[in-house]
Structures are given as structure tokens and as C-alpha cells.
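A look at the structure
Chain by chain, the residues run as shown.
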Amino acid sequence: RRPCIKDNSTDKHVAMPNNNAKDLQHLPENVREFWEEKQRELGEKLLKFSYAVLLDPARFPCPEKSGLCYVMERHLYFEDFPKASLFFLMNVEKYKKTLIQIPLQAVVTVELLKLPQFEEKFFGRPCSSGLAGLFQWFRPLPAYLVVSAQREANAPTHYVFRDLDNPDAWLTLLQSARRQP
């Protein structure tokens with residue numbers, strides 16, 4: 001399952017490429033311009049990007065935000081964008097931008113967990129019912145990328161991402177990038 005992006009020049013949705021910087025020339029013009037502007041704005045080269053869901057396992061129920069997760073030369077970012085509101089909903093919360101910037105040098109650990117491991121790590125026990133194993137025949141269990149970063153003298157902060165395109169490649173990239181000086 002590969003996410004799609006809208007090509008404004010043709011008004012069609014096209015499959016995203018492998019989501020790394022060398023594939024930018026294969027993206028629709030509007031998307032390529034977005035990433036070129038982002039690189040200029042941040043002063044860093046884009047290494048990888050993907051749609052992602054950010055979870056906060058410290059709160060229950062575990063809130064989720066969908067957006068873009070991207071790795072630049074020196075930082076990991078997560079950024080969400082306003083969603084189109086559904087006209088029939090009356091109590092729509094006012095949008096509040098989420099932008100997380102994690103210096104790669106602050107990353108302590110990076111791990112990839114399946115649902116039971118994720119639940120065990122953050123909730124102390126598997127929470128999903130035994131039916132979750134049955135459903136993996138139809139759809140594989142999601143992979144959770146857990147990035148732990150040191151913020152000043154505090155205990156590490158855990159950032160959890162789900163639905164990344166090719167999570168194993170993200171794990172490899174972040175493990176090697178955090179070791180770079």
C-alpha cells in the first residue's frame with residue numbers, strides 16, 4: 001500500500017515514489033516545489049519523507065495526528081496540516097499546528113515494534129484482543145517506529161510513528177543518521 005499525492009497539473013492522484021531525496025525529480029511539480037522550498041527554509045537536505053501517524057502513548061486513549069514525517073541531514077521532523085472540515089459536523093475543534101523537530105544527535109534509540117510489542121512497552125501488557133492475530137491474515141499488524149530522544153536533563157521523550165512507508169528503511173536510516181557526527 002503506497003500513499004498517493006495529488007498532481008495539480010493533471011488534477012489526478014499518483015502513487016508516491018520511494019520517498020527519498022533522489023526521487024524528487026519524479027514527483028509532480030507542486031510536490032517537488034514543496035520539498036525544494038522546505039530544504040531552502042530549513043537549510044538542510046531532505047533524506048526521506050512519508051505520510052505518518054504520530055501517537056502519544058503517554059495519554060489514554062492514545063491520541064493520533066496524521067501528517068508528514070521527514071528526515072533532513074540533521075533533524076527528524078513531523079508536521080501536520082489543516083484538514084478539510086466536514087460541513088455537517090458542528091463542533092469542529094480549532095486547528096492547532098503540530099511541528100516537531102528532533103535533532104538527530106539527540107536520538108538515543110530507534111526501534112521498530114509490532115502491535116503486541118508496542119502495547120507491552122507502553123501499556124505494560126498487550127491490550128488488543130486475540131482477534132488482532134486473526135485479522136493479520138487480511139491486513140498485517142502495523143509497525144510502530146519508536147524514536148527516543150534526550151531533551152535537556154529530562155528522561156528521554158518517546159516519539160511513536162505508525163503507517164510510515166517502508167518502516168524498515170526508516171529504522172536503518174535513523175540508526176545510521178544518529179551515529180553521524
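Residues numbered from 1 in each chain as written. Predicted model: local features only at pLDDT ≥ 70, side-chain atom pairs only at ≥ 80, totals over all residues. Heavy atoms only, no water.

This part takes up the environment of Leu141. Structurally, Leu141 can be placed in the loop between helix H3 (131-135) and strand E8 (143-149). The exposure class of Leu141 is buried, given its relative accessible area of 19%. (Helix = DSSP H or I, 4+ residues; strand = E, 2+ residues; numbered from the N terminus. Buried < 20%, exposed > 50% of the residue type's maximum accessible area, 1.4 Å probe, protein only.)

Two strands pair when backbone bridges link them, and strand E3 (residues 46-55) and strand E9 (residues 157-162) are joined in this way by three bridges, in the antiparallel orientation. Residue Leu55 lies in a different strand from E9, and its bridge partner there is Val160. Pairing analysis gives six bridges linking E8 to E9, with the strands arranged antiparallel. Opposite Tyr144, over in E9, you have Arg162 as the bridge partner. (Pairing = 2+ DSSP bridges.)

Moving on, we get to helix H1 (residues 29-42). Three- or four-residue spacings in an α-helix give side chains the same orientation, since the helix completes a turn every 3.6 residues. Between its terminal C-alpha atoms H1 stretches 20 Å, which fits the 20 Å expected from 14 residues at 1.5 Å a residue. Those residues of H1 that fall on the buried side of the exposure criterion are Val31, Trp35, Lys38 and Gln39. With its buried residues spanning 100° around the axis, H1 presents them on a single face. Residues of H1 that are exposed and angled more than 90 degrees away from the buried face: Arg40 and Glu41. Looking at the residues trailing H1, positive phi occurs at Gly43, about 70°. (Expected span 1.5 Å × (residues − 1). Arc of directions from axis to C-beta.)

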